[in-house]
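Survey of secondary and tertiary structure
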Amino acid sequence: MQGAGRRDELSGLAAALGAEVEPEGSPRRATPALSALPRGPLPVVRGELDGRPAEAMSLGDSLAVLAYVPEVQAYTSQICCHDRDEVGRTRPASYPNEGWEEIRLESVAFERRYRLIVLRGQHGGWMRELFSPSLIAWLAEDAPRGLSFELNEGWVSVVVPAGSDPGATWRAAEELIARIRREALEEDAAPNLFDRDERERSLDRPLARVRWDSPPASPGAAAAAYRARARNRPSVLLAGAVLAVVLLPVGAGLGYLFGGIFGVLAGGAGALAIGWALGRELGSYRARFDGWNSGSLGAHAFMREYARSRGLERIDPARFHHDHRALPLPGRAECALAEPGGRRIFVMLSDAPELRASGAGSIDPSDRPFARDVMVAPLDSPATRTADLELPDGWRVDAYEPANVAISRPLAGNTLRSLDGCDGFRAKAGELIDRLA
């Protein structure tokens, strides 16, 4: 009966929006609550919230609405505002070098109804601005019963228990998302929100474990260098020894089956060697450097060394997002690099909020890109000839504000970047921008 009830809610919402239920939609599992959605196609209803695409789906016994608000990328990474009666006290997933903290607001009604937690390290100023007295009053007094919402890397999900009017749920999601977007757009030209020194300092020490005479060829090559540094750690050596001991009787037994008593020695020796090597390899993958794993360090090392070797100036990604809020980038800037002269900016973009939402280290294969390379540049006059550009397959051009342009290419993931690939993209994107200029 619950399944039928949830289908009725989606059907009711579709009717209210003049839309249809798509039986095999592919919703993004982009916030902690949505990471619990079952894998595979799911029924969804698509519509618009505050003029942008959005979709609704069933989540357990609740109706969830999801929309992308790229304007907030500069100011926050993850916020969870949970109804205390509907959501348990279990905290969402986080990476080992991160953690959650509870924020208390000066409202008895809000505190009685909601639990507000944020990822540590975010600037508290914008959070206080977002949770203004008017938003607090709306959440505490006017929001539908049981409403919770989460924000993760620009994605906002609004969850309301089944039984509420589906149309009212959609309207509440629109009201909330409009407030969040408006607060981001109202930030002044020089907000005091870009202090990333602490995060950068936390990377300096582990990144220094490997010295680079020349830049690594790719993030994967850089990550391999950090894993190699970990292979002689006591914990990694112990992992190799334990796996070798575990595999010893297996190898000896197989040797006996195929070679008798003489095969026992050969099989045992082979098992010891394989277990030792495999255990150390697995241990090096799990090793952490001051809380950072080798994959994260490899990506940051690649970005820093690429910038250094090419004479590019690193820009705070939050500052970049703030300065380009009119450009709805499909993801979060991992690195923003100013070309000589400062007019053009090369951006390495990640579009995998599902990783942070679930605390996972990798993501399931998909037919959509999980990363993009972007070149952003101002033009001397409005970009009016973008349709005339002949772009490589998958590339796109976006004009905004009206004399700025962004050219991007898709990547299956951040780890697939390379020195030659980045150089080639910058050259080709620069050529296309020159045609527009």
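See the structure above.
One structure accompanies this document, and this report is about it. (Residues numbered from 1 in each chain as written. Predicted model: local features only at pLDDT ≥ 70, side-chain atom pairs only at ≥ 80, totals over all residues. Heavy atoms only, no water.)

Re the environment of S214
Quick note on the threshold: In DSSP terms, a helix is any run of H or I states spanning at least four residues, a strand is any run of E spanning at least two, and both are numbered starting from the N terminus.
Assignment of secondary structure puts S214 in the loop between helix 6 (197-207) and helix 7 (219-230). Taking the C-alpha atoms as reference, S214 lies 7.9 Å from E305; in sequence the two are 91 residues apart.

Some details on unusual backbone geometry
Stated formally: Classification of residues uses two cut-offs on accessible area relative to the type maximum, computed with a 1.4 Å probe and protein chains only: under 20% is buried, over 50% is exposed, and between them is partly exposed.
For E153, which is not glycine, the phi dihedral falls at a positive 50 degrees. Along the polypeptide, E153 turns up in the loop between strand 8 (148-152) and strand 9 (155-161). Phi is positive for D290, which is not a glycine, with a value near 55 degrees. Residue position: D290 is located in the loop between strand 10 (288-289) and strand 11 (292-293). For D290, a relative accessible area of 39% corresponds to the partly exposed category.

What about the sheet that holds strand 2 (residues 42-49)?
Sheet strands pair via backbone hydrogen bonds, and the direction of the pair is either parallel or antiparallel. Defined as follows: Two strands make a pair as long as DSSP finds a minimum of two bridges between them. Note on definitions: angles span 0 to 180 degrees between N-to-C directions of axes, and those axes are lines fitted to C-alpha atoms, for helices only across the stretch in contact. Here a residue-residue contact requires only that any non-hydrogen atoms of the pair lie within 4.5 Å.
Reading across the sheet, the nine strands line up as 1-2-3-4-9-8-5-7-6 and stay open at both edges, with antiparallel pairing between neighbours. Across the chains shown, the open sheet's two edge strands, defined by having one partner strand only, are strand 1 (21-25) and strand 6 (100-103). In this sheet, neighbouring strand axes are inclined to one another by 25 degrees on average, regardless of whether the strands run parallel or antiparallel. In this structure, strand 8 lies alongside strand 9, joined through five bridges in antiparallel fashion. Looking at the pairing, F149 lines up with V158 of strand 9. Sheet strands in contact with helix 5 (residues 166-185) are strand 2, strand 3 (52-59), strand 4 (62-68), strand 8 and strand 9, and its direction is about 55 degrees off that of strand 2.

Regarding the sheet that holds strand 15 (residues 371-378)
With antiparallel pairing, six strands are arranged side by side in an open sheet as 12-13-14-15-17-16. Of all strands in the sheet, those with a lone pairing partner are strand 12 (313-315) and strand 16 (396-400), marking the two edges. Across this sheet, the average inter-strand angle for adjacent strands is 25 degrees, counted without regard to direction. Bridge count between strand 13 (residues 332-338) and strand 14 (residues 345-350): six bridges; the pairing is antiparallel. When the sheet's bridge partners are listed, R332 is paired in strand 14 with S350.

Examining empty space enclosed by the protein
A probe matching the size of a water molecule, rolled over the atoms, marks out where space remains unfilled. Selection rule: Only protein atoms enter the 1 Å grid used here. Points where a 1.4 Å probe fits but cannot escape make up a cavity, open sets with protein on both sides within 12 Å along at least five of seven lines make up a pocket, and a residue lines them when an atom lies within 4 Å of a point. Grid points are joined across faces, edges and corners, and a volume is the space filled by probe spheres set on the points. Classification used: nonpolar for Ala, Val, Leu, Ile, Met, Phe, Trp, Tyr, Cys and Pro, charged for Asp, Glu, Lys and Arg, polar for all others including Gly.
One pass over the structure, following the stated rule, counts three cavities of 30 Å³ or more. In this model, the largest cavity occupies a volume close to 60 Å³. As for the largest cavity, its lining consists of L327, P328, L329, P330, R372, V374, R396, D398, A406 and S408. Looking at the lining of the largest cavity, the elements with two or more residues in it are strand 15, strand 16 and strand 17 (404-411). Along the lines of polarity and charge, the residues of the lining of the largest cavity split into six nonpolar, one polar and three charged. Approximately 40 Å³ is the volume attributed to the second largest cavity.

Focus on the nonpolar core
The test is simple: Nonpolar core, defined: a set of buried Ala, Val, Leu, Ile, Met, Phe, Trp, Tyr and Cys residues in which side-chain atoms within 4.5 Å join the residues together.
Counting 44 residues, the largest nonpolar core has F110, F131, L139, L147 and F149 as its most contacted members. Of the residues forming this core, the biggest block, seven residues, is contributed by helix 5. Dropping the residues within four chain positions of it, F131 is found in contact with I79, C81, L105, F110, L116, I136, L139 and F149. Counting 24 residues, the second largest nonpolar core, distinct from the first, contains L337, I407, F425 and L432.

Description of the side chain of S157
The condition is simple: Pairs of N or O atoms are called polar contacts if they sit within 3.5 Å, as long as, within protein, a hydrogen donor faces a hydrogen acceptor (for residues adjacent in sequence, only side-chain-to-side-chain pairs).
Inspection of the secondary structure puts S157 in strand 9. Assessed through its relative accessible area of 1%, S157 is described here as buried. Here T31 takes part through its side chain, which lies 2.9 Å from a polar atom of the side chain of S157. Ignoring any residue separated from it by four or fewer positions in sequence, one finds S157 in contact with T31, L34, V65, L66, S148, F149 and E150.

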